[in-house]
Protein chains: 12
Amino acid sequence: MKIIIINGPNLNLLGKRETNIYGNQTFTAYFENLKAKNTEISLEYYQSNIEGELIDKLQEVGFDYDGIILNAGAYTHTSIGIGDAVKAIETPVVEVHISNTFGREEFRHHSYISAGAKGVILGFGLVSYELALESFKL
Amino acid sequence: MKIIIINGPNLNLLGKRETNIYGNQTFTAYFENLKAKNTEISLEYYQSNIEGELIDKLQEVGFDYDGIILNAGAYTHTSIGIGDAVKAIETPVVEVHISNTFGREEFRHHSYISAGAKGVILGFGLVSYELALESFKL
Amino acid sequence: MKIIIINGPNLNLLGKRETNIYGNQTFTAYFENLKAKNTEISLEYYQSNIEGELIDKLQEVGFDYDGIILNAGAYTHTSIGIGDAVKAIETPVVEVHISNTFGREEFRHHSYISAGAKGVILGFGLVSYELALESFKL
Amino acid sequence: MKIIIINGPNLNLLGKRETNIYGNQTFTAYFENLKAKNTEISLEYYQSNIEGELIDKLQEVGFDYDGIILNAGAYTHTSIGIGDAVKAIETPVVEVHISNTFGREEFRHHSYISAGAKGVILGFGLVSYELALESFKL
Amino acid sequence: MKIIIINGPNLNLLGKRETNIYGNQTFTAYFENLKAKNTEISLEYYQSNIEGELIDKLQEVGFDYDGIILNAGAYTHTSIGIGDAVKAIETPVVEVHISNTFGREEFRHHSYISAGAKGVILGFGLVSYELALESFKL
Amino acid sequence: MKIIIINGPNLNLLGKRETNIYGNQTFTAYFENLKAKNTEISLEYYQSNIEGELIDKLQEVGFDYDGIILNAGAYTHTSIGIGDAVKAIETPVVEVHISNTFGREEFRHHSYISAGAKGVILGFGLVSYELALESFKL
Amino acid sequence: MKIIIINGPNLNLLGKRETNIYGNQTFTAYFENLKAKNTEISLEYYQSNIEGELIDKLQEVGFDYDGIILNAGAYTHTSIGIGDAVKAIETPVVEVHISNTFGREEFRHHSYISAGAKGVILGFGLVSYELALESFKL
Amino acid sequence: MKIIIINGPNLNLLGKRETNIYGNQTFTAYFENLKAKNTEISLEYYQSNIEGELIDKLQEVGFDYDGIILNAGAYTHTSIGIGDAVKAIETPVVEVHISNTFGREEFRHHSYISAGAKGVILGFGLVSYELALESFKL
Amino acid sequence: MKIIIINGPNLNLLGKRETNIYGNQTFTAYFENLKAKNTEISLEYYQSNIEGELIDKLQEVGFDYDGIILNAGAYTHTSIGIGDAVKAIETPVVEVHISNTFGREEFRHHSYISAGAKGVILGFGLVSYELALESFKL
Amino acid sequence: MKIIIINGPNLNLLGKRETNIYGNQTFTAYFENLKAKNTEISLEYYQSNIEGELIDKLQEVGFDYDGIILNAGAYTHTSIGIGDAVKAIETPVVEVHISNTFGREEFRHHSYISAGAKGVILGFGLVSYELALESFKL
Amino acid sequence: MKIIIINGPNLNLLGKRETNIYGNQTFTAYFENLKAKNTEISLEYYQSNIEGELIDKLQEVGFDYDGIILNAGAYTHTSIGIGDAVKAIETPVVEVHISNTFGREEFRHHSYISAGAKGVILGFGLVSYELALESFKL
Amino acid sequence: MKIIIINGPNLNLLGKRETNIYGNQTFTAYFENLKAKNTEISLEYYQSNIEGELIDKLQEVGFDYDGIILNAGAYTHTSIGIGDAVKAIETPVVEVHISNTFGREEFRHHSYISAGAKGVILGFGLVSYELALESFKL
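So, a few notes on the structure that sits alongside this text. (Residues numbered from 1 in each chain as written. Chains lettered and ligands numbered in written order. Predicted model: local features only at pLDDT ≥ 70, side-chain atom pairs only at ≥ 80, totals over all residues. Heavy atoms only, no water.)

1. Notes on the interface of chain B and chain A
Rule in force here: In what follows, residue pairs with any heavy atoms lying within 4.5 Å of each other are defined as contacts. Buried area is calculated as the accessible area (1.4 Å probe) missing from two parts once they are joined, with the contributions of both summed. Salt bridge, as applied in this entry: a Lys or Arg side-chain nitrogen positioned within 4 Å of an Asp or Glu carboxyl oxygen. Identification of polar contacts relies on pairs of N or O atoms within 3.5 Å, with a donor-acceptor requirement for protein atoms, meaning one able to donate a hydrogen and the other able to accept it, and with residues adjacent in sequence counted only if both atoms are side-chain atoms. Secondary structure counts use DSSP, requiring at least four H or I residues in a row for a helix and at least two E residues in a row for a strand, with both numbered from the N terminus. In this description, strands pair whenever DSSP reports at least two bridges between them.
Every contact between the two is made by 21 residues of chain B and, on the other side, 21 residues of chain A. Both faces combined, the contact of chain B with chain A buries some 1700 Å², and carbon together with sulfur accounts for 70% of it. Among the residues chain B hides against chain A, the three largest losses belong to F102(B), F124(B) and L138(B). Together they make up 31% of the total. Taken together, the connections running from chain B to chain A amount to zero salt bridges. Along the contact surface separating chain B from chain A lie six residue pairs in polar contact (both at pLDDT 80 or more). The element contributing the most residues to the side of chain B that touches chain A is helix α6 (residues 127-137) of chain B, with five residues. Relative to strand β5 (residues 119-122) of chain B, strand β5 (residues 119-122) of chain A runs antiparallel, the two sharing three bridges. Its bridge partner being in β5(B), V120(A) is matched across the sheet by L122(B).

Encoded structure:
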């Protein structure tokens, strides 16, 4: 099983940025742990701050991989383009968020991605990613 | 670990109602399976079509149990009272939905429960409940 | 032919409450007349002020009866749960209102029930129920 | 008893147009049937695609006839002028629609006519007209 | 000086319709009085219930006459087409209303005509027309 | 003088729930004090989490008692049914809230009850009830 | 006949300010002309930039004078207080505007004064005042 | 205990203005009664139609007095400045209204003052002031 | 190939009206040119200022012709009836506009016709019609 | 004549993605055909999923080329930056869409590009590009 | 160079009021410092809590002075009258705010003054005034 | 002191593009002047049309530099991602705009950056940058 985690803008600052919301572990450290716990899965990681590069990556992996775990960060709320890519590809996409987006600013309550996603998991901190991974196993 | 699944209105029709959206397994059957797979957890199930009875139940279990998995059904979108109960109790609540509510009518895109929930899981069919259960173990 | 009239909140006050809008006949008196005029139909009556009990009743009769005449009263405008029940059951539901809801407050102009109903009849006073009954005969 | 059915724009295409929504009977055929079934009533029919001609007709019959059955079609949602005419005349007007307008586009959910109508009947297909006729007899 | 009064839908019912709002004088009677009081002006009157005929008339007189007094009735609030005609012609148009439209329903508070009019006079009953006539003399 | 205090959802958690907003006194303790201070009044107390039971109670006491002090809690903002009951009964209803609802979430700024109430008192903590009681004496 | 013209904020700059919209005559010059043309009327003039002083003046003259011509300027669109004063007094108030407010910014399209005014005249430049005066004579 | 009642625009017309809403007692007469009934309190009264003078007065008394009873009248709904003053001062402010503002026009349903007030009392006629006074004693 | 151009309100003023937006060529002159350049096509032209007559014409040609080029002018933005006719007929309709409607007033940005049209072409001046004609050839 | 077609996000998936909406021809194949049919024009093609690269390209070609055919895909609805670039350059831009955007989701009904475009062509499938090309020849 | 700083409502409380937002320096102290640092400029200061007095002052200085630094406080968000005055005068106005208004309540995000101002400076605490002064020197 | 100016989309066209709004000086020329006038500061310049590259740059400099002067151009109004980056980094950011964004289109009145910025300066043409630089010195 081939699965990729795709992270959007500012998620490369994890562990450094607004630690009261996002916690202080870097995503790389978390990813290595996750990989170690799931050796039966070919697990990859990609991050970009550029909307179009996220679309490029979704198109690249979206016809071969078995699953995509997508945290599009701020683009979740503004990118019809990423939402279109999610609908256009064949690999199922699980949308995740670290924070509870519904407990934050109004403009974070809407997602252009959810409607095309296989499912949505949010608010569990980094555990959101692990639950998403779990969803591909069940 | 003591966990309860609380289901709201019309979810007792599962397996009978709008099967193109909700699938054709009854919730009771699903629940027995889930329980059998998780024998280390004391797992209970409660359903009511009455908003206030859901509040009663949340208050009753909300100071002793280790976790609540709540699918408030249609009340998700209209009940400030259930949202208040979720915030008032101490047991963490995971909000789940069977269908991808964001792929349905506009009025199902808003939840009065999310902001007070520990996390939200939706769109995975009945698997949403299993992932919610998983979230209490991780 | 088995038909039930289901009335929602405050309709038990008919003949007593805001008589300028609803007239001064009690619903029970009206129902007995209606039954007497339609002896070929098995006609029942149910009323509750509790949203969830209305859902319970809709589920109970919704797979056997030939028709439901539903005046959900104030819940018409706020209950996604009753609207869901109407869609989930198999018996056709005719939505009725005694008053012309479109001539009253703005918040009474929207109905969560109409879209799932077989038809809507409103504004004819208690005659609305009789026309609804007629609709099952035609 | 003198009653007129007034139909608005595109209802002359009935039986030809979007038959999945409106059925495939022409209105003329239906009207002849209805007349035959109600010989005790002087029943007339008028149709125009022109908003102002519908106003003309409402004014012409609105002080002598015993009842008007009005399906203003698309003008229902845009014509304050027809709504004003309904309020200005003395003959009671019953608003009817063939389809369940509340199950269609958002812009068909509002009517400028309802507030001034004696009652509203919608969603029963052509039977809506018959129920309207019935309402004048009860 | 050549001036025309153009009245829109339902204004032919004046003196007959909703007399609490519009008074009980017919417009024709009023017009004859006005004409008698203003013999130095060539004063004409036109009324139609049909939006497009009002546009036709505006186009017909709009390049020769010295002034147009327009009460477009209900079309005031819905007709971009009449508003366009007012802007397209050369004769100045004064918009009048008999009633105080701002003291009535919300949907009567907006006019598609005002922005292109030379001026607006409303709320003075039939006197509104006389003031409009006066405005062409000053 | 016969007066009843009716409390809605989650108010039974008072003294236990979100004490930073609602204080830490239980309502029962407060009620006993209030009763002791007002022995000349027959003072009763009722609480339910169920919307329809609140309507039931309002109907039951609403034609005999001298006053109702109603804190409908979260139903204040969503229940047209309770608002209708308040208007339908004859006993005057004073709406109270413990917290300053206008200093909280946007969705708590609207009340379906206020328009039908004799008066509204909010923000004084439990003292709101005492002031409401006072209002029946003045 | 005793009539007063009351002007609101910035109207004292007339003839100096934004002359493309308001023309270049000072209001004082215009007022003297108007007075000279209407010697049979006791005509007064008051101007203030202060909302509350306009209310004071309306109250002062509003029970004795025969008419008030009010151009509340920018307060037209924001002052519920002036609108309340207009409704509270007994002297009829004619609302005037020099410019066509409906051809300007969106926020100038709403008036808190119109609903309580005897009539509204706008867009005729300074002639608006003269027409208002005329309206008291007709 | 030093308490001041501050009244906003048009409240000086009490007893004279719209007596169907506000009753026919002058505020001065009412105030003298209130003072006589509460001799243990140093009770003052201030009224102005000018928004800024209300702010001046709030600032003047807002650091020494024990309580302010504020009926800002129409400014309640439009004045961020008075709302800011209420928050800026130290003396607790109780907002009162004579009429039930929620039963009147939509634009009277919002208050810029409530969020900063100690409490809100409305709809009891002049008794609202007495209850506010009571609130400082409890 | 049989194609008709149908023009709505005020387009008969072309070449005369607001020449800065629409240019100064009359439509008749343009139409003759277009016909001369496309002799292989049976090209007709119809114009009316009356909404219902446009519906009549669409119904008349809409089951025989090969294409309709429709510029409904102002009715584009207000006529659900024309939009319904476009959907009801079988001949494909291409919506055209001379001006760039998106660069003009907000109320010209919405079209009730677009959703049912085969395609939309706008902003190219009179060339829009030629491109529409071209679209039927490709 | 030097013309470039610029395509935005996900249009590189054409022929692969959502073929019910977009058809199953790849854009490259279509482009080669178009070029072959228009040998007198120097025709180029550029595609990027990155918003800023589309801006870069518009700036690069926007002062030398004779025409730009722009299908900005999802960025049409969200990119003020591309809209600004279209206005900032000198080469005329024709906006095209393959699908009828007005027949799809509400959020695809608004374009930040249209107001600055020379014209808009949409809904003709890939033929939209050919019509756009045609528009530069006429 | 003659420059005046004009401060609106509640800014006289600076150093006393909500010190977490505005700091604890009085404006007078700050002003004396600013004057001492800019001896080459004739610098004046004016403050009023009354909207109309701010308009008076703007009119008084607005045709002679070289610059106005205006912090209209709460009137920024509600006063069309001050906005009109800023546009009506000739002296350039720089709008300043001490706090970052965009980080505060929604209703402080809109300004009626900005559109007519030479520039806007906000969020720098009292330094905002100094930067505004600087802007007149550059 | 190390300060960087970061410019967003289309600002590289300065001096070439819409010179009536932005003036005709290139930004590079302006930057060299600014640097020459501020030799005591290490001043850098970066521009990109790509949203994600602006995020990259903010992250790169945002933990070491003393100040960032950010003109995100069109992304100001649409990029939650840049707004998040501004909040995530430690270096204070001053938001600047050349034009008075509040005097332009409605969609330019909202900024996702302002709330997280140290301050905002806009409308002074290129001088806005110099004032921003000044703000770091004061």
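From this point, the discussion proceeds with the structure in view.
2. Describing the interface of chain J and chain L
Each partner contributes to the interface: chain J provides 16 residues, whereas chain L provides 17 residues. Remark: the boundary between chain J and chain L carries two salt bridges. Measuring nitrogen to oxygen at the nearest pair gives 2.8 Å for the salt bridge that ties D84(J) to R108(L). Run the count over chain J and chain L and you get six residue pairs in polar contact (both at pLDDT 80 or more). Of all the secondary structure elements, the ones that give two or more residues to the side of chain J that touches chain L are α3 (51-61) and α5 (80-88) of chain J.

3. Structural notes on the relation of the copies chain J and chain L
Our working definition: Here the copies are superposed with least squares, the fitted atoms being C-alpha atoms of residues at a pLDDT of at least 70 in both.
Each copy superposes on the other: chain J lies on chain L with an RMSD of 0.0 Å after a rotation of 120° and an axial shift of 0.0 Å. The relationship between the two copies is best expressed as a three-fold rotation axis. An asymmetric contact is evident, with only 19% of the interface residues of chain J recurring at the interface of chain L.

4. Considerations on the packing of aromatic side chains
For the record, the criterion: Here the aromatic set is Phe, Tyr and Trp, taking the six-membered ring for Trp, and pairing holds for ring centres within 6.5 Å; pairs whose planes are under 30 degrees apart are stacked, those over 60 apart are edge-to-face, and all others are tilted. Any Lys NZ or Arg CZ that is within 6 Å of a ring centre and within 35 degrees of that ring's normal is treated as a charge sitting over the ring.
Across all of its chains, the model carries 78 aromatic pairs over all chains by this definition. A ring pair is formed by F31(B) and Y45(B), whose centres lie 5.5 Å apart and whose planes are at 35°; its orientation type is tilted. Of this pair, F31(B) sits in helix α2 (residues 27-37) while Y45(B) sits in strand β2 (residues 42-47), placing them 14 residues apart in sequence. Note on Y112(H) and F107(K): the rings are 5.2 Å apart at their centroids and 80° apart in plane angle, and the pair reads as edge-to-face. With Y112(H) in the loop between β4 (93-97) and β5 (119-122) and F107(K) in the loop between β4 (93-97) and β5 (119-122), the pair connects residues from two separate chains. Taken together through their ring pairs, the aromatic side chains of F27(A), Y30(A), F31(A), Y45(A) and Y129(A) make up a single cluster. Sitting above the plane of the F63(D) ring, K16(E) keeps its charged end 4.1 Å from the centroid. In this structure, K57(L) packs its charged tip against the face of Y46(L), placed 4.6 Å from the ring centre.

5. A few points about the nonpolar core
The cut-off we apply is this: In this description, a nonpolar core means a group of buried Ala, Val, Leu, Ile, Met, Phe, Trp, Tyr and Cys residues linked to one another through side-chain atoms lying within 4.5 Å. Working definition: with a 1.4 Å probe on protein chains only, accessible area under 20% of the residue-type maximum means buried, over 50% means exposed, and in between means partly exposed.
Of all hydrophobic cores here, the largest spans 58 residues; its most connected members are L70(G), I82(H) and L70(K). When residues no more than four places from it in sequence are discounted, the contact partners of I82(H) are E51(H), L54(H), I55(H), L58(H), L70(H), A72(H), Y75(H) and I113(H).

6. Side note on the side chain of E134(K)
By the secondary structure assignment, E134(K) is in helix α6 (residues 127-137). Residue E134(K) is classed as buried on the basis of its relative accessible area of 17%.

7. Overview of the layout of surface pockets
Just so we agree on the cut-off: Whether a set of points on the 1 Å grid over the protein atoms alone is a cavity depends on a 1.4 Å probe fitting there but being unable to get out, while an open set qualifies as a pocket with protein on both sides within 12 Å along at least five of seven lines; lining residues are those with an atom within 4 Å of a point. Grid points are joined across faces, edges and corners, and a volume is the space filled by probe spheres set on the points. Three classes are used: nonpolar for Ala, Val, Leu, Ile, Met, Phe, Trp, Tyr, Cys and Pro, charged for Asp, Glu, Lys and Arg, and polar for all others, with Gly counted as polar.
Approximately 1100 Å³ is the volume found for the second largest pocket. Taken together, 35 residues form the lining of the second largest pocket, with F102(I), E106(I), H109(I), H109(J) and H110(J) sitting closest to its centre. A per-class count over the lining of the second largest pocket returns 10 nonpolar, 13 polar and 12 charged.

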